[in-house]
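Chain and residue survey
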Amino acid sequence: MTWYDSFLQQLVDGLVLGSFYALVALGYTMVFGVIKLLNFAHGDLYMTGAFAGFGGLSLISGFVGTGWLGIFIAMLLAMLAVGCLGVVIERVAYHPMLGAPRLSILITALAVSLVLQNAALAMTGGQYTAFRTDLGFDGFNLGNLYLSYNQIVLVATAAILMIALELFVSKTLYGRAMRAVSIDKDMCRMMGINVSAVIAVTFFIGSGLAAAAGTMAGAYYGSIWYFMGFLIGLKAFTAAVIGGIGSITGAMLGGLILGLLESFGTHIPFIGSEWKDVFTFSILILVLVFKPTGLLGKSEVERM
Amino acid sequence: MAKSEPKPTPVSHVDEPELHKHDSHETDVHEPGPRNLFQRLYAAFESPGRRRALHVAILAILIVTPWISSQYTTVILTNALLYVVLCLGLNIVVGYAGLLDLGYAAFFAVGAYTVSILTQQFGVNFWAAIPFSLMAAALAGVIIGGPTLRLRSDYLAIVTLGFGEIVRFTARNLEITGGASGLSHIPEPSLFGWHIDSSIDFYYVFVVLAVLAYIASQRLFDSRLGRAWLYVRHDEDAAEAMGINRVATKLTAYVIGAIFGAIGGIFFSVNLGAISPESFSFQQSVLILLAVVLGGMGKIPGVILGAFIVVLGPELLRDFGTLRLLIFAVLLLLIMLFRPSGIWPEKRS
Amino acid sequence: MLLQLKQVSLSFAGNTVLHDVNFGVDAGRIHSLIGPNGAGKTSMFNVITGFYRPQQGDITLDGERIVKRKPHAVTRLGIARTFQNVRLFREMSVLENVMAGQHCRTRAGALAAILRLPSQRAEERRILETSLECLDFVDLLGHQDRLATNLAYGHQRRVEIARALATEPKLLLLDEPAAGLNSHEKQALIELIRRIRDERGVAVLLIEHDMSLVMNVSERISVLDHGSLITEGDPQTVQNDPKVIEAYLGQDDEELAL
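Residues numbered from 1 in each chain as written. Chains lettered and ligands numbered in written order. Predicted model: local features only at pLDDT ≥ 70, side-chain atom pairs only at ≥ 80, totals over all residues. Heavy atoms only, no water.

Once that is clear, we can look at the overall build of chain B. A tally of regular secondary structure across chain B gives 15 helices and two strands. A total of 349 residues make up chain B; the buried ones form 54% of that total. Taking as baseline every contact in chain B between residues at least 6 positions apart, the subset at least 24 positions apart corresponds to 75%. A total of about 14900 Å² of accessible surface is found on chain B, and carbon and sulfur atoms cover 66% of it. (Helix = DSSP H or I, 4+ residues; strand = E, 2+ residues; numbered from the N terminus. Buried < 20%, exposed > 50% of the residue type's maximum accessible area, 1.4 Å probe, protein only. Contact = heavy atoms within 4.5 Å. Areas by Shrake-Rupley, 256 points an atom, 1.4 Å probe, with all protein chains shown as cover.)

In structure tokens form, the structure reads like this:
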């Protein structure tokens, strides 16, 4: 393989990875936008989504098989189920805590994350679950580069979801309300906006996107387990921070950048793939320290 | 401009404090509400004399226990005492200074690895290696805390989480740390001819450590520095206006917490004789945090109780298998929702 | 001149808050800063105490530059303040609140505390004594063990003053100390401000809207309007200055009832 082929290969890998990161990062950034909460449980919603997709597929595979259609329907089911789960979590755990000190809310979010993780652990016994599909690895050659249909469909689906979200936020009433709530909740209440409903919709969409990513990841990589949400949760948060937390476009951009950085970064001599995660977290810390507003985030008025 | 005429102090000022003394509302000092078991226990030991008696009694129980219980119990109790040290350390960071640290196990790891590498691979005497190990942990605390402690608290939580993972991955990738399998055959220490190797020996070592950690926590809490942590946690601006350097104050808490963690790590490694990256996972950090939250952040007896619960609880729940972690997680959630200040009652002021 | 501001300008996102302010407070003087709402009085306090960083200008205390210093460093150099809305450590005791002020005058560190060195114990005793003395000074001895949040509002204001005095300042900044006080308490406040200056030798700079209090207690008054200092002088002069009356015109407040 020439350097050019390997460059393309890493570009494709980076895009696939970046799509997952971006979809999960969106949930972080949306929730942070409306209630200023760092939802630690978000990565575990991705994991729950993978299991929900797996469960959905097992239910319907008898009728539609485990091909594209089956996975697509399973993904929608997972999005619906996990979206509702997200709303329930907000209602039960976060809503009563909104007036509490930030430390308490953060620990509550952490507790929710642990509940989801350990529920999955208890159900699976900590074993990997095979996510069997009929997708195979068909594809075509582009020069020396092999592109599978899976990769193309995956990146395309992620792109469609993100475009739909962007349209939703910028064109619909709810989307605009969402942006208004993120700026000034009290003002929105006075203007007659149902803030609780907007927060619920935000959690639904954010969790749904994480579930979509989870199902796709399960189908793409072929196995799922209870701890799969931890690392991607952290990395998606990194992506959201790179893009500027609170900014939806920023989350997409941050996800892609991080995917590409990881894909290319791990091929730098002497670094190697075993340092990939160290590399990512170092980026996170550097961004937070030197440019906490990220690429597209709004800066808060700085004091002192 | 001429100074205005100095007014003589009115006589009434002299006896006014007396007046206030009479109408001071003693009842306001105490938290109203139901007195639970712990509150009653606490009240029973309020006088210094009784508290001293309680201390002596607990110490006596700790000393006698290994002679009347099985080796299994001794090992579990040793682990609980290790957690007392770790939890008291994290309590300084989270409970006093209000900084959410999700990577506390990293300092535990730095302490353990430094001392293990120095003693096992460089043949340094265990006791001589301790200062290096503590310095390494303090340095790590400064490096990670220095630039990040001015961040918002949720960013800090994520940074510390990332730092914890960096340390674990680094330990797994480096040769000197033994890679994924870690280090084994870590030599046991001797002290003035006493070769510390049996489980009872280590039990007593940890009794001493836990007692020292308790005393240090208590004394810090009752000091100028301990108050400064509370001021900064309650109102950063007001604290700054009082001449308190908030970044330096937080950093001190962070570094002292790191040193407590390293002490735990040092003795953990020689006790087990082997360490691996998985001993210092995110779950480890969470478990320590759980204990601190469970007992009530900032409350020393509560935190000690929390440490015992997280160690002894799983032993008691052993029959539940993987469910026991779920039970713990649900417990943490319920505590945050219904009793956010922990099971130990607030007793300050 | 104890405190001196030279050509200080401050703006937020293009909005000028303070414009070319030259201002000074003499040692041992009771000085008031007045002006209509939004004139920039509290911003000026925040600039002096280091909470805001001015874009331009120089600030000195006793000849020492304090501009660009952090708030805690400014306090250590001798400027203490209270806040417009009382900012006590609500869930801590009154005594602990006042002890906060002593932090910058003491030095024992972690090791000294853990080892309970004799020097540390002596220092703790001194902190306690000074704090009690400050509480006594504001007539709140006997309340020290109550939670700050349980105190009556007027008492909370006095705790805040005691806390500021515990920093052993040369200059005390009071931001609307009379707000929310009844006439009886206002009278006591006037006494207290005078005693702070007379008995402790501390200069006082106060922002206040209650004009009768300002006229009663101040030896010098500066008037701020739209971020600029428009006049300065003794109460008599300021009261009769047409520029001051003009600045307050359009304000329907009874503040004008000079």
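Another point: the overall build of chain A. Counting its secondary structure elements, chain A contains 11 helices and four strands. Computed over its C-alpha atoms, the radius of gyration of chain A comes to 19 Å, within 12% of the 19 Å expected for a compact globule of 304 residues. The principal-axis extents of the C-alpha atoms in chain A amount to approximately 60 × 50 × 40 Å. A total of 304 residues make up chain A; the buried ones form 54% of that total. Long-range contacts, defined here as pairs at least 24 residues apart, represent 76% of the contacts in chain A between residues at least 6 apart. For chain A, the accessible surface area stands at approximately 13000 Å², while carbon and sulfur atoms represent 68% of it. Where the 14 positive side-chain charges of chain A centre and where its 14 negative ones centre are 12 Å apart. (Rg over C-alpha atoms; globule rule 2.2 N^0.38 Å. Lys, Arg positive; Asp, Glu negative; His and termini not counted. Charge placed at Lys NZ, Arg CZ, Asp CG, Glu CD.)

Applying the stated criterion across every chain yields a total of 30 aromatic pairs over all chains. Measuring from centroid to centroid gives 4.8 Å for tyrosine 220 of chain A and tyrosine 221 of chain A, while their planes differ by 75°, and the two rings are edge-to-face. Measuring from ring centre to ring centre gives 5.8 Å for tyrosine 226 of chain A and phenylalanine 227 of chain A, while their planes differ by 45°; the resulting arrangement is tilted. For tyrosine 226 of chain A, a relative accessible area of 15% translates into the label buried. Among the aromatic residues, ring-to-ring pairing joins Tyr128, Trp225, Tyr226, Phe227 and Phe230 of chain A together with Phe282 of chain B into one connected group. Between the NZ or CZ atom of arginine 195 of chain C and the centre of the ring of phenylalanine 137 of chain C, over which it lies, the distance is 4.2 Å. (Phe/Tyr/Trp six-rings, centres within 6.5 Å; stacked < 30°, edge-to-face > 60°. Lys NZ or Arg CZ within 6 Å of the ring centre and 35° of its normal.)

Moving on, we get to the side chain of threonine 157 of chain A. Here threonine 157 of chain A is to be found in helix α5 (residues 149-171). For threonine 157 of chain A, the residues in contact, after removing those within four places along its chain, are Met75 and Met216 of chain A.

A word on a nonpolar patch on the surface. Residue and element names in this part refer to chain B. Together, Leu59, Ile63, Val64, Trp67 and Ile68 make up an exposed nonpolar region whose accessible area comes to about 540 Å². Following the sequence through the fold, isoleucine 68 ends up in helix α4 (residues 48-68). Residue classification places isoleucine 68 among the exposed residues on the basis of a relative accessible area of 69%. (Patch = residues over 30% accessible without salt bridge, like charges linked within 9 Å, V, L, I, M, F, W, Y side chains within 5 Å. Salt bridge = Lys/Arg side-chain N within 4 Å of Asp/Glu carboxyl O.)

All right, on to the sheet that holds strand β2 (residues 15-25) of chain C then. Residues and elements named next belong to chain C. One open sheet holds the four strands; their spatial order is β2-β1-β4-β5, and the pairing between them is antiparallel. Unpaired on one side and paired on the other, β2 and β5 (64-65) mark the two borders of the sheet. Across two bridges, strand β4 (residues 56-61) lies against β5 in antiparallel orientation. Paired with threonine 60 across the two strands is arginine 65, which belongs to β5. (Pairing = 2+ DSSP bridges.)

On to the sheet that holds strand β7 (residues 171-175) of chain C. All names here are of chain C. One open sheet accounts for six strands, arranged β6-β7-β8-β3-β9-β10; its pairing is mixed. With partners counted over all chains shown, the strands left at the sheet margins are β6 (79-81) and β10 (228-233), one partner each. The mean inter-strand angle of the sheet, taken between neighbouring strand axes irrespective of direction, is 20°. Bridge count between strand β3 (residues 30-34) and strand β8 (residues 203-207): four bridges; the pairing is parallel. By the bridge assignment for β8, leucine 33 is matched with isoleucine 207. Each of β6 and β7 is contacted by helix α6 (residues 153-165), which is oriented at about 155° to β7, the strand it contacts most. (Axes fitted to C-alpha atoms, helices over the stretch in contact; angles between N-to-C directions.)

Attention shifts here to the interface of chain A and chain B. Taken residue by residue, the interface counts 43 residues in chain A and 43 residues in chain B. Of the roughly 3900 Å² buried between chain A and chain B on both sides combined, carbon and sulfur atoms contribute 80%. Applying the counting rule to chain A against chain B returns zero salt bridges. Put simply, the parts of the chain that give the side of chain A that touches chain B at least two residues each are α3 (68-94), α4 (102-124), α9 (228-243) and α11 (276-290) of chain A. Top contributing element to the side of chain A that touches chain B by residue count: α4 of chain A, with 16 residues. Grouping the amino acids of the side of chain A that touches chain B by side-chain chemistry returns 32 nonpolar, five polar and six charged. (Buried area = accessible area lost by both parts, 1.4 Å probe. Nonpolar A, V, L, I, M, F, W, Y, C, P; charged D, E, K, R; others polar.)

Residues and elements named next belong to chain A. Counting through the fold element by element, glycine 56 comes out in helix α2 (residues 42-64). What makes glycine 56 buried here is its relative accessible area of 6%. Considered as a pair, glycine 56 and methionine 75 are 19 residues apart in the sequence and their alpha carbons are 7.8 Å apart. Once residues within four sequence positions are removed from consideration, glycine 56 is found in contact with Ala74 and Leu77.

A few words on the interface of chain C and chain B. Opposite the 57 residues of chain C that make contact, chain B presents 44 residues. Counting the contacts that link chain C with chain B gives three salt bridges. One salt bridge in this structure joins arginine 87 of chain C and aspartate 237 of chain B, with 3.3 Å as the shortest N-O distance. The tally of links from chain C across to chain B stands at 14 residue pairs in polar contact (both at pLDDT 80 or more). (Polar contact = N/O pair within 3.5 Å; in protein donor to acceptor, adjacent residues only side chain to side chain.)

A word on helix α1 (residues 3-35) of chain A. All names here are of chain A. For α1, spanning 33 residues, the distance from its first C-alpha to its last is 46 Å, which sits close to the expected 48 Å at 1.5 Å a residue. Here α1 lies mainly inside the structure; 25 of its 33 residues are buried. Where α1 terminates, the next one or two residues include lysine 36, which has phi positive at roughly 55°. (Expected span 1.5 Å × (residues − 1).)

Residue and element names in this part refer to chain A. At their nearest, the axes of α3 and α5 sit 13 Å apart, and the two run at 35° to each other. Pair α3 / α5 crosses with right-handed handedness. Packed against α3, whose contacting residues are Trp68, Met75 and Met79, the element α5 presents Tyr149, Asn150, Val153, Thr157 and Leu161 at the interface. Considering only residue class, the contact of α3 with α5 consists of six nonpolar, two polar and no charged. (Left-handed = near helix turned anticlockwise from the far one by under 90°.)

Residues and elements named next belong to chain B. Where helix α6 (residues 105-121) meets helix α8 (residues 153-173), the axes come as close as 9 Å, and the angle between the chain directions of the two elements is 30°. Here α8 runs roughly parallel to α6, going by the angle between their axes. Residue-level contacts link Ala106, Phe107, Ala109 and Tyr113 of α6 to Phe163, Gly164, Val167 and Ala171 of α8. Split by residue class, the contact of α6 with α8 holds seven nonpolar, one polar and no charged. (Parallel < 35°, antiparallel > 145°, perpendicular 65-115°, else oblique.)

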